[in-house]
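Descriptive analysis of the structure
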Amino acid sequence: MITYKRFLTLSFIFLTAALLKVHAATVDTVLTHSTAMNKDIKAVVIRPDDYSASKKFPVLYLLHGFSGNYSDWILKVPSIKKLSDVYNMVIVCPDGGFASWYFDSPVSKEWQFETYISKELISYIDSHYSTITDRSGRAITGLSMGGHGALYLAFKHLDLFGAAGSMSGGVDLRPFSDSFGIEQVLGKYSLFPQRWEQNSVINMVYLLKPNSLAITFDCGSSDFLFGANKALHEKLLERNIPHDFTVRPGAHSWDYWGNSINYQALFFSRFFNKEK
């Protein structure tokens, strides 16, 4: 015989289990290989609770910033697991090196991260997980260095990414000729100014046509990169490139990025669902 008290206890247990299951994404740490750099590279892969090999899932590639690594997002913003569940998407957090800026460096073969992400990592994810393997189910975003990297990779590889974003992105490299390790991947600005000009996202808008890429980016009003992001917004307007540009109070911080990713995930989910 079940007493009223026992009934309440069992009900609480079942309710707690149900609530826990609502956000039960699975986090994998995988070891990928880069032939271009001749080394193994780790990545975090987050699978939603509803993940199944019988269904194809969209993928959001989420890049870290300068001096970070593949574990930054999951450790500092663990709520991204809930975003995977809520929007039913796979989230991949690659390792982009301490200061790769996600380039294929003309200076060193140790920094070939454009090739790694656009070819080697995507190939690994699509062959090991049940994913949508075309641009309609693939988006990319990131913070700071990763914001630059996300737009850089998407602008150059419109065949791979249907949507792209940036949070506090370093979209103009030129003001930082002696900072953030950029010269180790591009060479000194004084010696190779053309490399810096050509590889700054703000100078790559010419690669886009209206509606060729779904774009969202944002920056805190107190961020030292705010001016460059505003300038990118104005360039996109000049070329009639549709995009979302959001300014919020905030600085270059995890508090800002932890909030921003919620809005960006919604943007990408709407893109994925629109493309179905």
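This text goes with the structure placed above it.
Residues numbered from 1 in each chain as written. Predicted model: local features only at pLDDT ≥ 70, side-chain atom pairs only at ≥ 80, totals over all residues. Heavy atoms only, no water.

What follows is about the packing of aromatic side chains. Following the criterion strictly, the structure yields 17 aromatic pairs and no others. On the basis of an interplanar angle of 85° and a centroid distance of 5.3 Å, the ring pair of Trp254 and Trp257 is categorised as edge-to-face. With Trp254 and Trp257 both in helix 9 (residues 254-275) and three residues apart, this pair spans about one turn of that helix. Ring pairs connect the aromatic residues Phe66, Phe98, Phe176, Phe180 and Phe224, which therefore count as one cluster. (Phe/Tyr/Trp six-rings, centres within 6.5 Å; stacked < 30°, edge-to-face > 60°. Helix = DSSP H or I, 4+ residues; strand = E, 2+ residues; numbered from the N terminus.)

Quick look at the layout of surface pockets now. Here the largest pocket defines a volume of roughly 530 Å³. Along the wall of the largest pocket there are 22 residues; nearest its centre are Ala214, Ile215, Phe267, Phe271 and Lys274. The dominant element in the lining of the largest pocket, judged by the number of residues it contributes, is helix 9, at eight residues. Among the residues forming the lining of the largest pocket, the class breakdown is eight nonpolar, seven polar and seven charged. Counted as a void, the second largest pocket has a volume near 200 Å³. In terms of lining residues, the second largest pocket is bounded by 17 residues, among which Gly65, Phe66, Ser144, His252 and Trp257 are the most central. Those elements that place two or more of their residues in the lining of the second largest pocket are helix 2 (72-76) and helix 9. (1 Å grid on protein atoms, 1.4 Å probe; cavity = no way out; pocket = protein on both sides within 12 Å on 5 of 7 lines; lining within 4 Å. Points joined across faces, edges and corners; volume = space filled by probe spheres on them. Nonpolar A, V, L, I, M, F, W, Y, C, P; charged D, E, K, R; others polar.)

No statement about biological role is implied by the geometric values presented.
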